[in-house]
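Remarks on the overall topology
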Amino acid sequence: MAKQQRETPRKEKVESDIEEKVLYINRCSKVVKGGRKFSFSALILVGDGKGRVGYGFAKANELTDAIRKGGESARKNMIRCPMRGATIPHEITVHWDGATVLLMPAPEGTGVIAGSKVRAILESAGIKDVMAKNLGSTNPINQVKATFKALEQLITIDEIKERRGVS
């Protein structure tokens, strides 16, 4: 009798359209008997350009490990951003620690007017026309968390109608 060969399921890259970007890297040093020992933390952003975006923050003794761990964390924590055309549905201001982020919808053709971290998040999400302002903190982690909190709080017109019971 011939043994039946079992086909092993191949993992295909389903999330191949997701782009990964390193937003911030921090190097920390600890002075020990033999010299300095370095550790790294990385803030990683992933997005598909179609409304899904996520971030991950990880620490490791090697930079490549921190980036890899951050990327895995970012893919697990992806959120969907509600959009109205190529912009956001409404204006929103969000506070997170010392960071305050203001997001405003913009007319078509305006582009993304924002600071570096917020701009990267909005572009990864696929939002084309928006104006944003960082108020307060310059800490990149707090800016990213405030921006994600703002994107999570956005609601569409259909959701508002549903909540009010309007058809």
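Along every chain, residues carry numbers that run from 1 in the direction the sequence is written. This being a predicted model, a pLDDT of at least 70 is required before a residue's local features are given, and a value of 80 or more before pairs of side-chain atoms are given or counted; all residues contribute to the totals for chains, interfaces and linings. Side-chain metrics in this entry use all non-hydrogen atoms of the structure; hydrogen atoms and water are not considered.

Considerations on the overall build of the chain
- Of the regular secondary structure elements, the chain holds 4 helices and 8 strands.
- The linear arrangement of helices and strands in the chain, starting from the amino end, is β-β-β-α-β-β-β-β-α-β-α-α.
- Throughout, the radius of gyration refers to the C-alpha atoms, and the reference size of a globule is 2.2 Å times the residue count to the power 0.38. Here the chain has a C-alpha radius of gyration of 20 Å; the compact-globule value for 167 residues is 15 Å, and the former is much larger.
- Structurally, the chain occupies a C-alpha span of about 65 × 65 × 30 Å along its principal axes.
- The buried share among the 167 residues of the chain stands at 37%.
- Restricting to contacts in the chain with at least 6 residues of sequence separation, those with at least 24 account for 56%.
- Approximately 11,100 Å² of the chain is accessible, and the part contributed by carbon and sulfur atoms is 48%.
- Side chains of the chain carry 29 positive and 19 negative charges; the gap between the two charge centres is 9 Å. Where helices and strands are cited, they refer to DSSP runs of H or I of at least four residues and of E of at least two residues respectively, numbered from the N terminus. Only protein chains enter the area calculation, which uses a 1.4 Å probe; residues under 20% of their type maximum are buried, those over 50% are exposed, and those in between are partly exposed. Contacts are assigned to residue pairs with any non-hydrogen atoms lying within 4.5 Å of each other. Surface exposure here means Shrake-Rupley accessible area, sampled with a 1.4 Å probe, where a residue is shielded only by the protein chains that are shown. Residues scored as charged are limited to Lys and Arg (positive) and Asp and Glu (negative), so that His and the chain ends carry no count. Taken as the charge location is NZ of Lys, CZ of Arg, CG of Asp or CD of Glu.

Topic: helix 3 (residues 140–153)
- The terminal C-alpha atoms of helix 3 lie 20 Å apart, and with 14 residues this matches the ideal 20 Å at 1.5 Å per residue to within 8%.
- Counted residue by residue, helix 3 has 10 buried out of 14 residues, so it is predominantly covered.
- Listed as buried for helix 3 are P140, I141, N142, Q143, V144, A146, T147, F148, A150 and L151. Multiply 1.5 Å by the residue count of a helix minus one, and that product is the helix's expected span.

Section: the sheet that holds strand 7 (residues 112–113)
- The sheet built from 4 strands is open, its strands ordered 5-6-8-7 with mixed pairing. Two strands in the sheet have a free side with no partner beyond their single neighbour: strand 5 (92–96) and strand 7.
- Bridging between strand 5 and strand 6 (residues 99–105) involves 5 bridges; their strand directions are antiparallel. Its bridge partner lying in strand 6, V94 is registered against V101.
- In the packing of helix 3 onto the sheet, the strands contacted are strand 5, strand 6 and strand 8 (130–136), and the crossing angle to strand 5 comes to about 135°. DSSP bridges decide pairing: two strands pair if at least two such bridges lie between them. With axes taken as lines fitted to C-alpha atoms, and helix axes fitted only over the stretch in contact, angles between N-to-C directions fall between 0 and 180 degrees.

A short note on the confidence of the model for the chain
- A score from 0 to 100, pLDDT tells how confident the predictor is in each residue. The share of residues in the chain with pLDDT of 70 or more is 90%, and the mean pLDDT across the chain is 90.
- Per-element averaging of pLDDT across the chain places helix 4 (residues 157–164) at the bottom with 91 and strand 3 (residues 52–60) at the top with 97.

Quick notes on the environment of L154
- Within the fold, L154 resides in the loop between helix 3 and helix 4.
- On the accessibility criterion, L154 (3% relative accessible area) is buried.
- Along the sequence, L154 and P89 sit 65 residues apart, while their C-alpha atoms lie 7.0 Å from each other.
- With sequence-adjacent residues up to four places away left out, L154 is seen in contact with P82, I88, P89, H90 and I92.

What about the packing of helix 2 (residues 116–125) against helix 3?
- Running from N to C, helix 2 and helix 3 point in directions that differ by 40°, and their axes come no closer than 9 Å. Between helix 2 and helix 3, the crossing angle belongs to the class labelled oblique. The way helix 2 lies across helix 3 gives a crossing that is right-handed. Across from K117, V118, I121 and L122 in helix 2, the residues of helix 3 making contact are P140, Q143, V144, T147, F148 and L151.
- Under the grouping applied here, Gly and all other residues not named as nonpolar or charged are polar, the nonpolar ones being Ala, Val, Leu, Ile, Met, Phe, Trp, Tyr, Cys and Pro and the charged ones Asp, Glu, Lys and Arg. Here the contact of helix 2 with helix 3 is built from residues that sort into 7 nonpolar, 2 polar and 1 charged. Roughly parallel means an angle under 35 degrees; roughly antiparallel means over 145; roughly perpendicular covers 65 to 115; every other angle is labelled oblique. Working rule for handedness: look at the near helix, and if it is turned counterclockwise from the far one by less than a right angle, call the crossing left-handed; if clockwise, right-handed.

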